[in-house]
Amino acid sequence: MTERRELRGYETASDLAKKSKEVAEQLRDPQMSAFSQQTLSRLEGDKTGELIANARPRIQRMLSYLLGWSAEEFEMNVGVGIPAVPHFSNTSPLSASSPPTPDIPEGLLEAGERFASIDPLIAHPKVQAMLARQGNFGGRGPETAREWWSYFESVRRYIEVDE
């Protein structure tokens, strides 16, 4: 879940917890509720799935919604079945207040050119924006095309792009 959270543009558990409060206030749906940073940190650290499975269904739904996963996708990726997620669409939850599109670093643009024949997704503008937005690597992001390619490969299985 941590990688998915980061791929969705939320560098910390606190960032996603804040977003859950905003969405809960906007939607006012009794089937979904906000969660705290502490709750999210516990759920992200859950290695067995027990904490996630025992979380309130309203929190499970909100988490799935913010991660951009349907109930089926949540179960596939997390291993825990949850109730259907209201208001879900593959393009929704973050569209109105996603982090702004960053400048794409030269190394990432070069990686898109050099490695698109291996995996064209690395050259997709939405993927490049998502990759550039990440604050990983201990505060120092990838710089060279090879580093960007390596980073892309490490998160590739979590990337989906709707046209």
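I will try to describe carefully the structure that is included in this document.

The rules behind these values
Residues numbered from 1 in each chain as written. Predicted model: local features only at pLDDT ≥ 70, side-chain atom pairs only at ≥ 80, totals over all residues. Heavy atoms only, no water. Core = buried A, V, L, I, M, F, W, Y, C linked by side-chain atoms within 4.5 Å. Buried < 20%, exposed > 50% of the residue type's maximum accessible area, 1.4 Å probe, protein only. Helix = DSSP H or I, 4+ residues; strand = E, 2+ residues; numbered from the N terminus. Axes fitted to C-alpha atoms, helices over the stretch in contact; angles between N-to-C directions. Parallel < 35°, antiparallel > 145°, perpendicular 65-115°, else oblique. Left-handed = near helix turned anticlockwise from the far one by under 90°. Contact = heavy atoms within 4.5 Å. Nonpolar A, V, L, I, M, F, W, Y, C, P; charged D, E, K, R; others polar. Phe/Tyr/Trp six-rings, centres within 6.5 Å; stacked < 30°, edge-to-face > 60°.

A word on the nonpolar core
Within the largest apolar cluster, 23 residues are counted, with the highest numbers of intra-cluster contacts made by Leu16, Phe35, Met62, Leu63, Tyr65, Leu66 and Phe74. Those elements that provide at least two residues to this core are helix 2 (13–27), helix 3 (37–44), helix 5 (57–67) and helix 6 (71–78). By residue number, the principal contributor to this core is helix 5, which donates six residues. With 18 residues, the next largest nonpolar core counts Ile122, Val127, Tyr151 and Val155 among its residues.

Here's the deal with unusual backbone geometry
Unlike most non-glycine residues, Arg28 shows phi in positive territory, near 50°. Secondary-structure assignment places Arg28 in the loop between helix 2 and helix 3. Residue classification places Arg28 among the exposed positions, given a relative accessible area of 71%.

Side note on the packing of helix 2 against helix 3
Where helix 2 meets helix 3, the axes come as close as 8 Å, and the angle between the chain directions of the two elements is 120°. Taken as axis vectors, helix 2 and helix 3 run oblique relative to one another. Note on packing geometry: the crossing formed by helix 2 with helix 3 is right-handed. Contact residues: helix 2 offers Ala13, Ser14, Leu16 and Ala17, while helix 3 offers Gln37, Leu40, Ser41 and Glu44. Class assignment of the residues belonging to the contact of helix 2 with helix 3 gives a composition of four nonpolar, three polar and one charged.

Remarks on the packing of aromatic side chains
Enumeration according to the criterion identifies four aromatic pairs in this entry. With a centroid separation of 6.1 Å and 75° between ring planes, the pair formed by Trp69 and Phe74 is classed as edge-to-face. Given the relative accessible area of 0%, Phe74 is considered buried. Both rings, one in Phe115 and one in Trp149, keep their centres 4.8 Å apart while their planes meet at 15°; by these two values the pair is stacked. Note that Phe115 is positioned in helix 7 (residues 106–115) and Trp149 in helix 9 (residues 145–155), a separation of 34 residues in sequence. For the pair Phe115 and Trp149, a shared accessibility class is recorded, and that class is buried. Counting every residue linked through ring pairs, the aromatic cluster contains Phe115, Trp149 and Phe152.

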